[in-house]
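Observations on chain architecture
Listed below are the residues making up each chain.
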Amino acid sequence: MTHVIGPDDEIESGWIEAVSLPEASALARAGHTVVVTLPGEETEAIAAAAAYAWVGASVFRTSHDVRQALDMTEALLGRRPPALTRRGLA
């Protein structure tokens, strides 16, 4: 389950903030709830959100709408069903 919080929101006790992808990955593998602060530019924030979600971060601190990128990443990882499926017949 992913959470998006505001850039100035406090993090809950027990959450650990990561500042790099390798750190986020290691903390997530250790079972911690990982918080990341995303860049200020929207395109960078969306890309960073997808990358951090892929390695296991679950709380994203940002002022941008990154929910669609997070939902897509969760679906690709098999953690949630896709919002829309299509079956192609050849």
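Each remark here, short or long, concerns the structure printed above.
Below you will find a few notes about this structure.

Cut-offs used in this document
Each chain has its residues counted from 1, following the order in which its sequence is written. The predicted origin of the model limits local features to residues at a pLDDT of at least 70 and limits the giving and counting of side-chain atom pairs to 80 or more, whereas totals for whole chains, interfaces and linings rest on all residues. Hydrogen atoms and water are omitted, and side-chain values are computed over all heavy atoms in the structure. A run of H or I in DSSP becomes a helix once it reaches four residues, and a run of E becomes a strand once it reaches two; helices and strands are each numbered from the N terminus. Only protein chains enter the accessibility calculation, which uses a 1.4 Å probe; a residue is then buried when its area is under 20% of its type maximum, exposed when over 50%, and partly exposed in between. Residue contacts are counted whenever heavy atoms from the two residues lie within 4.5 Å of one another. Any pair of N or O atoms that falls within 3.5 Å is considered a polar contact. Within protein, one atom must be able to donate a hydrogen and the other to accept it, and sequence-neighbouring residues count only if both atoms are side-chain atoms. By arc we mean the arc of the directions from the helix axis to the C-beta atoms, nothing more. Whenever a helix is involved, its axis is fitted only over the stretch in contact; in every case the axis is a line through C-alpha atoms, and angles between N-to-C directions fall within 0 to 180 degrees. The crossing is said to be left-handed when, going from far helix to near helix, the turn is anticlockwise and less than a right angle, and right-handed when the turn is clockwise. Here the term charged refers only to Asp, Glu, Lys and Arg, the term nonpolar to Ala, Val, Leu, Ile, Met, Phe, Trp, Tyr, Cys and Pro, and the term polar to all other amino acids, Gly among them. Two strands are said to pair when DSSP picks up at least two bridges between them. Orient the strands so they point away from the viewer, and a crossover whose first-strand-to-second-strand path over the helix runs clockwise is right-handed.

Relative to the assigned elements, Thr2 resides in the segment before β1 (3-5). Overall, the relative accessible area of 9% leaves Thr2 in the buried class. In the structure, Thr2 is positioned 55 residues away from Ala57 in sequence and 8.0 Å away in space, judged by C-alpha atoms. The residues contacting Thr2, other than those within four sequence positions of it, are Ser58, Phe60, Arg67, Leu70 and Glu74. Of note is the side chain of Thr2, whose polar atom sits 2.7 Å from the side chain of Arg67.

Listed in full, the buried residues belonging to helix α3 (residues 67-76) are Ala69, Leu70, Thr73 and Glu74. Here the buried residues of α3 occupy an arc of 135° about the axis, which is enough to place them on one side. Relative to its buried face, α3 has exposed residues pointing more than 90 degrees away, namely Gln68 and Leu76.

Moving on: the packing of helix α1 (residues 21-29) against helix α2 (residues 42-55). For the pair α1 and α2, the least separation of the axes is 8 Å and the interaxial angle reads 35°. Judged by the sense of rotation from one axis to the other, the crossing of α1 with α2 is right-handed. When α1 is examined against α2, the residues Leu21, Ala24, Ser25 and Ala28 are found in contact with a partner set consisting of Ala51, Tyr52 and Val55. Of the residues belonging to the contact of α1 with α2, the class tally is 6 nonpolar, 1 polar and no charged.

Quick look at the pairing of strand β3 (residues 33-37) now. Relative to β3, strand β2 (residues 15-17) runs parallel, the two sharing 3 bridges. Bridge pairing links Ile16 to Val34 in β3. Crossover handedness for the path β2 to α1 to β3: right-handed. Here β3 runs beside strand β4 (residues 59-61); their pairing, made up of 3 bridges, is parallel. Bridged to Val36 within β4 is Phe60. Handedness of the β3-α2-β4 crossover: right-handed.

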